[in-house]
Amino acid sequence: MKISIAQANEYGRRVLMAQGVPQDIARDVAEHLVESDRVGYTSHGLSILTNYRRVLGEGLAQADGRPELLNDRGAMLAYDGHNGLGQYVGKVVIEKAIERTQQHGQCIVTLRRSHHLGRMGHYGEMVAANGLILLAFTNVVNRAPTVAPFGGARACLTTNPLCFAGPLPGGRPPFIVDMATSSIAVNRARVLAAKGEQAPPGSLIDAHGNPTTDPGALFSDPPGALLPFGGHKGYAMGLVAELLAGVLSGGGTIQPEHPRNGVATNNMFALLLDPQVDFNTDWRSMEVGAFIDYLHACPPQPGVDGVQYPGEYEARNRELNADSLEFAPPIWEGLKKLAVDLGVADALP
């Protein structure tokens, strides 16, 4: 089923407002979710609203939660998200960090106790659009672990995403690295299970610690676990994210003394840089452009159209979905049911 971008935004906004979310927060969250669908990440798009209904209904996320500035040291900012909807909280925090980076040339920002921040690449695109560089580490608390440590037979960690973003010269799409330190994201496994599709080999173990390609194993009782990407290397990067985001923000780590109420709560540590400070701009632009051209000139492997850099996938999907989104039948039915249940059935065509 296809729906226009404008209709998709209106649907998300009305579904959230029907649950007591203020209009400005609902608008920002809906736009973030729709853009995630648009650039090819259905797992972080409108389909996630079904789960948001649960956490809002149970009071695990605050419909009107807004970030509070806890510490302001010029180029260092610390925020508490007060369990507000993360797509709104994250936007406010990153916008302020962009402003400070434009003033000081750099900014370190921490955020604790935000409900699910969503697609981290969204914030990377915000930063890159302002000509700046972002390096962000995020951990996930207040829910059961989903990722096994390297060599472990049960989950002890979460997906702990990393994001790196920056502008590229010559009108190229920005460089965007947005990846979980697990083999796949939890929401990706949920989407695969809903579609009846298999997970990539090497991405999951079942409840007994055995390899499996069944994404449903993650949601069984007892549950299986995701594996770190790249074995011990991804595991190590996940620990870096856990400690930087969880400890420096003050939001805590996944260790079992903290609550696990079944709702994704994010902490973040991020560094923003202005690449134009104290450097030769012309040389930098030429060097980056030459490097990207060098990558593009690499002969592709058989069956591959060509070498891409991170960020081109999103840009191409954004162009393909310039005017509308298309949803698989199971996701579309879920969106319709949610709208009917909340009394906004007319929000969908």
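Rules used throughout
Residues numbered from 1 in each chain as written. Predicted model: local features only at pLDDT ≥ 70, side-chain atom pairs only at ≥ 80, totals over all residues. Heavy atoms only, no water. UniProt positions renumbered as here; feature names shortened; annotations may be inferred. Domains from an automatic or database assignment. Buried area = accessible area lost by both parts, 1.4 Å probe. Salt bridge = Lys/Arg side-chain N within 4 Å of Asp/Glu carboxyl O. Polar contact = N/O pair within 3.5 Å; in protein donor to acceptor, adjacent residues only side chain to side chain. Nonpolar A, V, L, I, M, F, W, Y, C, P; charged D, E, K, R; others polar. Pairing = 2+ DSSP bridges. Helix = DSSP H or I, 4+ residues; strand = E, 2+ residues; numbered from the N terminus. Axes fitted to C-alpha atoms, helices over the stretch in contact; angles between N-to-C directions. Parallel < 35°, antiparallel > 145°, perpendicular 65-115°, else oblique. Left-handed = near helix turned anticlockwise from the far one by under 90°. Contact = heavy atoms within 4.5 Å. Buried < 20%, exposed > 50% of the residue type's maximum accessible area, 1.4 Å probe, protein only. Phe/Tyr/Trp six-rings, centres within 6.5 Å; stacked < 30°, edge-to-face > 60°.

As annotated in an unreviewed UniProt entry, the protein chain is L-lactate dehydrogenase from Achromobacter pulmonis. Quoted verbatim from the Sequence similarities (unreviewed entry) heading of the UniProt record, the comment on the protein chain is "Belongs to the LDH2/MDH2 oxidoreductase family."

Draft legend 1. How the structure looks around the domain arrangement of the protein chain. The domain architecture assigned to the protein chain consists of domain 1 (2–182 + 228–278 + 314–347) and domain 2 (183–227). When each unit is reduced to the centre of its C-alpha atoms, the spacing between domain 1 and domain 2 is 22 Å. Across the interface of domain 1 and domain 2, roughly 1,200 Å² is buried in total on both sides, 67% from carbon and sulfur atoms. Our enumeration of links across domain 1 and domain 2 arrives at zero salt bridges. At the boundary of domain 1 with domain 2, the tally comes to three residue pairs in polar contact (both at pLDDT 80 or more). Among the residues making up the side of domain 1 that touches domain 2, the classes are represented as nine nonpolar, eight polar and two charged.

Draft legend 2. Quick peek at the sheet that holds strand β9 (residues 211–212). Taken together, three strands build an open sheet; the order of strands is β9-β8-β10 and the sheet is antiparallel. Single-partner strands in this sheet number two, and they are β9 and β10 (225–226).

Draft legend 3. Here's a closer look at the packing of helix α4 (residues 86–104) against helix α5 (residues 120–129). Axis separation between α4 and α5 bottoms out at 10 Å; the angle between their running directions is 25 degrees. On the basis of their axis angle, the class for α4 and α5 is roughly parallel. Here the hand of the crossing between α4 and α5 comes out right-handed. Contacts between α4 and α5 involve Gly86, Gln87, Gly90, Lys91, Ile94, Glu95 and Ile98 from the former and Tyr123, Met126 and Val127 from the latter. Looking at the contact of α4 with α5 residue by residue, the classes come out as five nonpolar, three polar and two charged.

Draft legend 4. Geometry of the pattern of salt bridges. Under the criterion given, the structure shown has 19 salt bridges. One salt bridge in this structure joins arginine 14 and aspartate 346, with 3.0 Å as the shortest N-O distance. Taken together, the positions of arginine 14 in helix α1 (residues 5–17) and aspartate 346 in the segment after α10 (329–341) put the pair 332 residues apart, joining distant regions of the chain. The network of salt bridges with shared partners includes Glu35, Arg38, Arg119, Glu125 and Arg318.

Draft legend 5. Structural view of the pairing of strand β11 (residues 265–273). The buried fraction of β11 is high, at seven of nine residues. Relative to β11, strand β4 (residues 106–115) runs antiparallel, the two being bridged by eight bridges. Along β11, the bridge assignment pairs serine 114 with asparagine 266. Of the pairings in the sheet, the one linking strand β5 (residues 133–141) to β11 comprises nine bridges and is antiparallel in character. Residue valine 141 lies in a different strand from β11, and its bridge partner there is threonine 265.

Draft legend 6. Just the packing of aromatic side chains, in detail. Within the structure shown, the criterion is met by six aromatic pairs. Ring centres of phenylalanine 164 and phenylalanine 175 lie 5.9 Å apart, and the angle between their planes is 75 degrees; this geometry places the pair in the edge-to-face category. Here the residue phenylalanine 164 occupies a position in strand β6 (residues 162–166), and phenylalanine 175 occupies one in strand β7 (residues 175–179), the gap between them amounting to 11 residues. Residue class for phenylalanine 175 comes out partly exposed when judged on its relative accessible area of 21%. An aromatic cluster is built from Phe164, Phe175 and Tyr309, whose rings are joined through pairwise contacts.

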